[in-house]
Amino acid sequence: MAGLRTAVSRLRRELAAHPAEFPDRVIAEDELAALAAMATHGVPEIRRLRRSLLLIVGAIGSVSALNRGLSDVRDAVERFGDAQPPHR
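Treat the numbers as computed from the prediction; the structure is a model and nothing was measured.

> Give me the overall build of the chain: which residues, what numbers.
The number of helices and strands found in the chain is four helices and zero strands. If you list the helices and strands of the chain from N to C, you get α-α-α-α. Relative to its length of 88 residues, the chain is compact, with a C-alpha radius of gyration of 13 Å against a globular reference of 12 Å. Projected onto its principal axes, the C-alpha positions of the chain cover 40 × 25 × 20 Å. Across the 88 residues of the chain, 38% fall into the buried class. Across the chain, every contact between residues at least 6 apart in sequence was considered, and the portion connecting residues at least 24 apart equals 67%.

What follows is the structure in structure tokens.
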């Protein structure tokens with residue numbers, strides 16, 4: 001959980017400091033806020049984590065200056081991959 005909080009916090013700071021505006025920036029900011037809230041308030045729902053990650057990747061995946069922070073968030077989300085039983 002701490003790794004997710006750290007990665008999300010870092011990417012939020014990097015995004016806030018990034019000077020360029022792009023069409024889906026608000027989506028990325030909203031989903032990072034959602035990830036931060038999930039990481040702060042207990043065990044997050046894996047599907048929701050993955051959905052947020054996909055939206056963030058779609059929103060800022062082409063902004064090369066944010067690639068490292070995005071990779072860190074992706075790695076943190078993937079650590080939760082086996083935390084829930086498969087959907088039936």
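> Quick rundown of the nonpolar core? Include the residues and the values.
The biggest cluster of nonpolar side chains holds 26 residues, and the ones touching the most others in it are Leu-4, Leu-11, Leu-49, Ile-60 and Val-73. Listed by contribution, the elements that provide at least two residues to this core are helix H1 (2-17), helix H2 (25-40), helix H3 (46-60) and helix H4 (67-78).

> Could you give me a rundown of H2, with the residues and numbers involved?
Here H2 spans 23 Å end to end across 16 residues, near enough to the 22 Å set by a 1.5 Å rise per residue. Along H2, the residues classified as buried are Arg-25, Ala-28, Glu-31, Leu-32, Ala-34, Leu-35, Ala-36, Met-38 and Ala-39. Looking at the packing, one finds that the buried side of H2 touches H1, H3 and H4. Gly-42 occupies a position one or two residues after H2 and carries a positive phi of about 95°.

> How would you explain the environment of Arg-47 if you had to name every residue and give the values?
Positionally, Arg-47 belongs in helix H3. The exposure class of Arg-47 is partly exposed, given its relative accessible area of 47%. Separated by 34 residues in sequence, Arg-47 and Gly-81 place their C-alpha atoms 9.3 Å apart.

> Describe H4, with residues and values.
The end-to-end C-alpha distance of H4 is 16 Å, a good match for the 16 Å that twelve residues give at a rise of 1.5 Å each. For H4, the set of buried residues is Gly-69, Leu-70, Asp-72, Val-73, Ala-76 and Val-77. Taken end-on, H4 shows its buried residues confined to a sector of 160°, consistent with a single buried face. Pointing more than 90 degrees away from the buried face of H4 are the exposed residues Arg-68 and Glu-78.

> So, the environment of Arg-50: which residues are in play, and what are the values?
Inspection of the secondary structure assignment puts Arg-50 in helix H3. In the structure, Arg-50 is positioned 13 residues away from Ala-37 in sequence and 14 Å away in space, judged by C-alpha atoms. Residue contacts for Arg-50: discarding those within four places in its chain leaves Val-77 and Gly-81.

What counts and how
Residues numbered from 1 in each chain as written. Predicted model: local features only at pLDDT ≥ 70, side-chain atom pairs only at ≥ 80, totals over all residues. Heavy atoms only, no water. Helix = DSSP H or I, 4+ residues; strand = E, 2+ residues; numbered from the N terminus. Rg over C-alpha atoms; globule rule 2.2 N^0.38 Å. Buried < 20%, exposed > 50% of the residue type's maximum accessible area, 1.4 Å probe, protein only. Contact = heavy atoms within 4.5 Å. Core = buried A, V, L, I, M, F, W, Y, C linked by side-chain atoms within 4.5 Å. Expected span 1.5 Å × (residues − 1). Arc of directions from axis to C-beta.

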